[in-house]
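# Per-entry structural report
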Amino acid sequence: MTPPLKPAPAVDEIDESSAPLIEHLAELRNRLIWSLLAFTVAMILCFFVWEPIYDFLTVPLCEALNSRGQDCALVFLSLQEGFFLAFSISVMAGLVLSFPVISYQMWRFVAPGLYRSEKAAFLPFLVASPFMFFLGAAFAYYVVTPMAFSFFLTFQDVGALVSDGVVAEGEGSAAMVFQGSAQMYLSLTMSFIVAFGLCFQLPVLLTLMGRAGIISSNALVRTRKYAVVAILILAAVATPPDMMSQIILFCAVYPLYEVSILLMRRHERKVEAQMRAEGLLGPNETLYGDGDAEEKA
């Protein structure tokens, strides 16, 4: 009599899912390698043209100094500051130059796991995000920094007489004249640009969260007063410690909050209209509530 056959051992669930996991990790590794390679090449290229980039970044300061009859010049406070200045500029410029490649690699990694409708909804945000960042950076460079630097330079005329770029000491007082460090100036300018660029991502972030169902326009309306406080705190943290730049950042970011509410309401009304057309929602029923009535209340 033959012995009964033993049942085949159950396949371990972890072992069954290990192959897809390894494939995803390998895909992520390849995307990160391509992104790092693109950034490295862009950084090396920018290192050879860091001086024109530096000249472009110093235009707001030079215009503010020239308007006061002063020569535009920055100094190195240490021997190695020139090299680190060039390196910092090449890193930032390389990141900007390679950002399209990095975004494309991120998209290629995420896209296979999305449905066609999700791809169509996510792709506009992928395009809008760098656009809004550059819009905020341009606003900081062309509007905020000239005003801020002109304001900062008003504090140097204590005990100094400036005429045709020549500084002379006043009688009985020491001259206080701006002789800035190139590295510190670059750090200040980039803090403005990065802060405004990131804050201009607010409509993209909130609208994307609204499409994902995490928040709604009514929730943003209810928390408007808290959002005002949060934006003020963000402006105080993200900008240099002067009242003018904080007010400018608040005045630029808060309207974006209101724009986010309008964009989310437009999407919500579109979803409700589609559900009514499919018979999933009654004529007088609302999925997100009456935002206008709630705001008046």
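Everything numeric in this text was worked out from a predicted model, so none of it was measured. (Residues numbered from 1 in each chain as written. Predicted model: local features only at pLDDT ≥ 70, side-chain atom pairs only at ≥ 80, totals over all residues. Heavy atoms only, no water.)

## Considerations on the state of the cysteines
Taken as a whole, this structure holds 1 disulfide when the rule is applied. At a sulfur-sulfur separation of 2.0 Å, the disulfide partner of Cys62 is Cys72. Disulfide Cys62-Cys72: torsion about the S-S bond near -60°, hence left-handed. Here Cys62 is found in helix 3 (residues 59–67), whereas its partner Cys72 is found in the loop between helix 3 and helix 4 (81–110), with 10 residues between them in sequence. (Disulfide = S-S within 2.5 Å. Helix = DSSP H or I, 4+ residues; strand = E, 2+ residues; numbered from the N terminus.)

## Focus on the pattern of salt bridges
Tallying each qualifying case throughout the model produces 2 salt bridges. For Glu27, the salt bridge goes to Arg31, with nearest N and O atoms at 2.7 Å. Of this pair, Glu27 and Arg31 both sit in helix 1 (residues 13–47), 4 residues apart, which is roughly one turn of that helix. For Arg31, a relative accessible area of 15% puts it in the buried group. The salt bridge partner of Arg224 is Glu258, with a shortest N-O separation of 2.8 Å. Within this pair, whereas Arg224 is found in helix 9 (residues 224–238), its partner Glu258 is found in helix 10 (residues 243–277), the two being separated by 34 residues in sequence. Of the residues examined, Arg224 reaches a relative accessible area of 18% and is grouped as buried. (Salt bridge = Lys/Arg side-chain N within 4 Å of Asp/Glu carboxyl O. Buried < 20%, exposed > 50% of the residue type's maximum accessible area, 1.4 Å probe, protein only.)

## Considerations on the nonpolar core
Ranked by internal contacts, the top residues of the largest apolar core, which has 44 residues, are Tyr54, Leu85, Phe196 and Tyr257. For this core, the element with the highest residue contribution is helix 10, accounting for 9 residues. Aside from chain neighbours lying at most four places away, what touches Leu85 is Trp50, Tyr54, Phe76, Ala182, Gln183 and Leu186. (Core = buried A, V, L, I, M, F, W, Y, C linked by side-chain atoms within 4.5 Å. Contact = heavy atoms within 4.5 Å.)

By themselves, these observations are geometric and do not establish any function.
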